[in-house]
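Okay, here's what each chain looks like letter by letter:
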Amino acid sequence: MTNQIASPDGPRAWTRDLDKPMARRSLLLAAAGALIGLGIAGYGLFTAQGTRTASVPAEDAALVNNVPVLRADLIAQTTALHGIPYAQASQAQRKAVLDGMIREELYVQRGIEMGLANDDIDVRQALVQATEGQIAQDAATAKPAEDELRHWYDTHRTQYASEGMMTLHEWLAPRGTDAARLVASLRAGATPASLGLRTTGRVDDGEEFYFAAEEHLGKPLFAIARTMADGAVSDPQPAPDGMHILQMVRNRRPVPTAYDAVRDQVLRDFIADKVARLQDGNNRFLRKRADIKIAADLK
Amino acid sequence: MTAPSSKAAPPRARRLLLILPLIALGTLAIAVAMSHGGKAAGVLRADPETILDDPALRETALKAGKEVFAQHCAACHGENGKGDTRIGASDLTDRDRLYGDGTVSQIEDIARYGIRAGNKRGWNLAVMPAYASPVPDKAEALPPQKPADIEALTQLLLSFTARATDEAAVARGRLVYSKAGCWDCHGRDLGGDPAIGAPNLTDDVWIYGGRADDIRRSISHGRAGTSPAFGRTLTPAQLRSVTVYVASLSRTEQDGK
């Protein structure tokens, strides 16, 4: 016993003098550490999300070739299919839905094996849309800061102005009359009827939005109308059917809308722009990393 | 040979004093981790609709869910879940649900797949058309409305809460409601349709505010609120927990707990 203690390499010496460095003890501790490390790594490997192979994770209803079928999707589908709460669905009903989902997953996997993404136009379209959608999802998940939205609003103010509205008359001068004289009379306060003017019937429905007035009058006449003040009468405007005269009753021009009133719209536009930029960047990235060869005659 | 001090522990006892606490600590850490994992797994495996009624699952889910809510949802819905009418973030503390019946699994679907968030499994069926624009709805051919028609519709909606100021406009509003195609989403009885997120127009719950100006603006410029799809951001356990937490907000409020 005395010999064993005295000898630094004795079978029990390494456990006695903990304050003395000892080769065997170091080796054993290192081996134990390595074993524990391997154990933890193995546990992590088989339980980390997406890599589990030993058992069905709690959030999944099944694994099909290690692709999870979400329990939440099973619940949603069972509820939708049978129109009852999941708790009231029988075991057979649940199993039938799960079988359907497993079948779908198997067919999706088989489809990928068969290269349907290359051949089937619907699959291709769905993949493109889903990839674009994924970018949109990522963009929408992060809420922009308030000052970013403010800045967007400040630089796009006209986009958030109210729609202009106007109430006006469009008169058609009788053929053979002096249109300039008619305009002068109208401006002086004469009634349209006393001058023999008749309406074109295009803007007789009362107040309308600018876009509607533009559609009814056409671009050239609308461009004149939108600058007119209340009560103003335009110069005669030649048209294929004669001389047209615009008489503005009320012109409510677009006015800027306060930030708070359009905040939801600002947020929507900001995110849409972000998505567009991300998709553009994604497109450039994909092109950059891809090996694209174009036929000589198409370059 | 000097006798060892009576105060010094023998070598074996010293070793044990060093090793035992370490083993105990390690065991405790593993037990806590396993217990936590087990509880989280229990929340995931349970029927979502029963979690709030099970004290143990409820406690686990609400504790985790509150943290997730604060980090990912409170920015729009507010720390107390009361929502924000400026951006159309709905009040989660009432029981008036825009989409679905407010079951935990439906809320989880929204959290996972979003609303108009680019995920086809999300709720993307309809938007509120912008009737003061040349093309009110890109997906469906609907006629733009005149300012007077929009005013009539506004008066009609105000009339359900006795706030209309022009009875003639209310009567016109009923005609416009049919002519403009509003009934297609909101129903003939204006009661809305939770299957597509069309709100009930006859109550006093307003996602974007219920003042006359707010209503006028909704009809004129349309609405298309979004909710992010967190399916790729949050883990299944986080999704389930935050969903249960959101469901609990309306229960707490209504039940007075």
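Procedures and definitions
Residues numbered from 1 in each chain as written. Chains lettered and ligands numbered in written order. Predicted model: local features only at pLDDT ≥ 70, side-chain atom pairs only at ≥ 80, totals over all residues. Buried ≥ 20, exposed ≤ 12 C-beta atoms within 10 Å, placed from the backbone. Helix = DSSP H or I, 4+ residues; strand = E, 2+ residues; numbered from the N terminus. Domains from an automatic or database assignment. Contact = placed C-beta atoms within 7 Å. Nonpolar A, V, L, I, M, F, W, Y, C, P; charged D, E, K, R; others polar. Axes fitted to C-alpha atoms, helices over the stretch in contact; angles between N-to-C directions. Parallel < 35°, antiparallel > 145°, perpendicular 65-115°, else oblique. Left-handed = near helix turned anticlockwise from the far one by under 90°. Expected span 1.5 Å × (residues − 1). Bend = angle between axes of the 7 residues up to and from the residue. Pairing = 2+ DSSP bridges.

Residue and element names in this part refer to chain B. Counted residue by residue, helix α3 (residues 104–113) has ten buried out of ten residues, so it is predominantly covered. Among the residues of α3, those classed as buried are V104, S105, Q106, I107, E108, D109, I110, A111, R112 and Y113. A positive backbone phi angle near 80° is found at G114, which sits one or two residues after α3.

This part is about the domain arrangement of chain B. Residue and element names in this part refer to chain B. Domain assignment breaks chain B into domain 1 (51–123 + 226–255) and domain 2 (147–221). Inter-centroid distance (C-alpha atoms) of domain 1 to domain 2 is 28 Å. Between domain 1 and domain 2, the contact holds eleven residues from the first and eight residues from the second. For the side of domain 1 that touches domain 2, the per-class residue count stands at three nonpolar, four polar and four charged.

On to the packing of helix α4 (residues 147–159) of chain B against helix α7 (residues 212–221) of chain B, then. All names here are of chain B. Following both chains from N to C, one finds α4 and α7 inclined at 130°, their axes separated by 9 Å at the closest point. Relative to α7, α4 is oriented oblique. Between α4 and α7 lies a crossing of right-handed hand. Facing α4, whose interface residues are I150, L153, T154, L157 and L158, α7 presents A212, I215, R216, I219 and S220.

Residues and elements named next belong to chain B. Over its 23 residues, helix α2 (residues 55–77) runs only 26 Å from end to end, short of the ideal 33 Å by more than 12%, given 1.5 Å per residue. Maximum bend of α2: about 50°, positioned at A70. Within α2, the full set of buried residues consists of L57, T60, A61, L62, A64, G65, V68, F69, H72, C73 and H77. G78 lies just past α2 and shows a positive phi near 85°.

What follows concerns the pairing of strand β2 (residues 67–70) of chain A. Successive residues of a regular strand alternate their side chains across the two faces of the sheet. Residues and elements named next belong to chain A. As defined by bridge partners, strand β1 (residues 60–64) adjoins β2 across four bridges and the pair is classed as antiparallel. Bridge pairing in β2 places D60 opposite L70. The turn linking β1 back onto β2 is made up of two residues, and N65 within it adopts a positive phi angle of 50°.

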